[in-house]
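What follows is each chain in one-letter form.
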Amino acid sequence: MKKSVAQKIASAIVVSLGAIATTLPAQAGTLINDWNYARDDYSYDGSGATGFNADSRWDIYGMGYKVIGNDVYVGINSSNSLYGVNYNGNNIGFGSLFLDFGYGNSGNNFSTAQGTNSLVGIRFAPNNDFGGASVGVYTGVTGQSVAASNSGYSSYNSYTSTAGNSRVGDLASNDSYFSPYINGGGSLPLEIATGTLFAGGNLSYLSQTDLTTLGFPPTIYQASANPNTFGFKFTLPNEYQGRQFLATLGFECGNDVVAVKPVPVPPAIAGILAASVLGGWRATRRKKQIKAEV
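In this text the structure is predicted, and so the values were computed from the model without any measurement.

Peer 1: Just give me the short version of unusual backbone geometry, but keep the residues and values in it.
Peer 2: With the exception of glycine, the majority of residues adopt a negative phi angle, and the majority of peptide bonds are in the trans configuration. We note that N33 has phi near 55 degrees; this positive angle belongs to a residue other than glycine. Mapped onto the elements, N33 comes out in the loop between β1 (31-32) and β2 (35-39). If you check the backbone angles, N183 has positive phi at about 60 degrees while not being a glycine. Within the element layout of this structure, N183 appears in the loop between β11 (171-172) and β12 (191-197).

Okay, structure coming up:
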């Protein structure tokens, strides 16, 4: 089927927007193969029994997400596994994935988002400390810290000071988003405490092969003795479709945290491209009118 001129221009705009997004600076998020991806492998910042080194089982090397309609695909590179790791008779693994759809709004941070409709929590690790609740998508969530019962640091500030790492994926460790937990503000609430399970969440798991097929960035590891790449997908409620979000994930012990920023399209450029589409459509229609008059 032949495309109209307007359709061709619109298709070109989509390609152009993708090209623009991939060239945005790192602080605005990074787009790789249509995945919003944040590296967290610049240093060993996940503490283990023998300190910050390649033997630590609590280190996240990178995380990314890809959105298609209402479906979100997530990939994780880490020294930990989906099911956690046993330490002194206790299973310690991933907390919950938090999606903040209010990120960037005035006054928004990880504390003010708690309990609002802008914060969605994903329980994907079946062995974590969120009681006997089902894995899936939870709306209107509040978070809790379970670091104390998972051999973790006493506070977020204690962890960042000890790790000596200035990055939390796409964010600085002292970014204003974490301000309520800096300088004696306690531990980050990296585990869902309360929320409403969305029945249509349909969480399912993705293997490393699945992720490769979907274009997930090549595995990024330091010299880890315990490489793990895994992922999952889920469906968001309709009210969140098309909205951007900040994704935050950490371990139950609080020994490593990563945040992935969305890659926005600069409004000015988006406006120029939109004007180009409109101008092209008008020019095409005018040509047709002239031919009809002749």
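Still more ground to cover, so stick around.
Peer 1: Outline the environment of A147, supporting the account with residue identities and numerical values.
Peer 2: Topologically, A147 is positioned in the loop between β9 (136-144) and α2 (156-163). Residue classification places A147 among the buried residues on the basis of a relative accessible area of 5%. With 106 residues separating them along the chain, A147 and C253 place their C-alpha atoms 4.2 Å apart. Among all residues touching A147, those that are not within four sequence positions of it are G152, Y153, S187, E252 and C253.

Peer 1: Would you mind going over the pairing of strand β8 (residues 119-123) in detail, with residue names and values included?
Peer 2: One face of the sheet, then the other: side chains in a regular strand alternate in exactly this way. Burial within β8 is extensive, with five of its five residues counted as buried. The alternating pattern of β8 places L119, G121 and R123 on one face and V120 and I122 on the opposite face, and all of these are buried. For strand β7 (residues 97-100) and β8, the ladder comprises four bridges, and the chain directions are antiparallel. The residue bridging L97 from the neighbouring strand is I122, located in β8.

Peer 1: Could you give an account of the packing of aromatic side chains, naming the residues involved and the relevant values?
Peer 2: If you walk through the whole model with that rule in mind, you get 19 aromatic pairs. Measuring from ring centre to ring centre gives 4.9 Å for W35 and F216, while their planes differ by 70 degrees; the resulting arrangement is edge-to-face. Here W35, found in strand β2, pairs with F216, found in the loop between α3 (208-213) and β14 (228-235); they are 181 residues apart in sequence, far enough to count as distant. A single burial state applies to W35 and to F216, both of which are buried. Ring plane angle 40 degrees and centroid distance 4.6 Å describe the contact between F101 and Y240, whose orientation is recorded as tilted. With F101 in the loop between β7 and β8 and Y240 in the loop between β14 and β15 (246-250), the pair connects residues that are 139 residues apart, well separated along the chain. By the burial criterion, F101 is buried, and Y240 matches it.

Peer 1: Help me get a handle on empty space enclosed by the protein, residues and values and all.
Peer 2: According to the stated counting rule, one finds two cavities of 30 Å³ or more in the structure shown. Residues belonging to the lining of the largest cavity are distributed by class as follows: ten nonpolar, five polar and two charged. Reported here for the second largest cavity is a volume of approximately 50 Å³. Considering the residues around the second largest cavity, the lining is formed by D45, Y156, Y159, T160, A163, N165, R167, V168, S173, D256 and V257. Listing elements by their share of the lining of the second largest cavity, those giving two or more residues are α2 and β10 (167-168).

Peer 1: How would you explain the sheet that holds β8 if you had to name every residue and give the values?
Peer 2: Strands sit in the order β12-β9-β8-β7-β15-β16 across an open sheet of six strands; the sheet is antiparallel. If you trace the sheet from one side to the other, it starts and ends with β12 and β16 (257-260), each paired once. Looking at each pair of strands side by side, their axes are set apart by 35 degrees on average, direction ignored.

Peer 1: If you had to explain the nonpolar core to someone new, which residues and values would you point to?
Peer 2: In this structure, L97, L99, F124 and F234 are the most contacted members of the largest nonpolar core, which totals 33 residues. Contributing elements (two or more residues each) for this core: β3 (60-68), β4 (71-78), β7, β8, β14, β15 and β16. Not counting the four nearest positions on each side in its chain, L97 is found in contact with M63, V74, V120, G121, I122, F124, F232, F234, A247, T248 and L249. Counting residues in each nonpolar core, the second largest holds 19 residues, with Y138, Y181, L246 and A259 among its members.

Peer 1: Could you give an account of the side chain of N70, with specific residues and numbers?
Peer 2: If you trace the backbone, N70 turns up in the loop between β3 and β4. Of the polar contacts made by the side chain of N70, one reaches the side chain of Q241; its length is 3.5 Å. What N70 contacts, discounting residues up to four positions off in sequence, is F234, T235, L236, P237, N238 and Q241.

About the cut-offs
Residues numbered from 1 in each chain as written. Predicted model: local features only at pLDDT ≥ 70, side-chain atom pairs only at ≥ 80, totals over all residues. Heavy atoms only, no water. Helix = DSSP H or I, 4+ residues; strand = E, 2+ residues; numbered from the N terminus. Buried < 20%, exposed > 50% of the residue type's maximum accessible area, 1.4 Å probe, protein only. Contact = heavy atoms within 4.5 Å. Pairing = 2+ DSSP bridges. Phe/Tyr/Trp six-rings, centres within 6.5 Å; stacked < 30°, edge-to-face > 60°. 1 Å grid on protein atoms, 1.4 Å probe; cavity = no way out; pocket = protein on both sides within 12 Å on 5 of 7 lines; lining within 4 Å. Points joined across faces, edges and corners; volume = space filled by probe spheres on them. Nonpolar A, V, L, I, M, F, W, Y, C, P; charged D, E, K, R; others polar. Axes fitted to C-alpha atoms, helices over the stretch in contact; angles between N-to-C directions. Core = buried A, V, L, I, M, F, W, Y, C linked by side-chain atoms within 4.5 Å. Polar contact = N/O pair within 3.5 Å; in protein donor to acceptor, adjacent residues only side chain to side chain.

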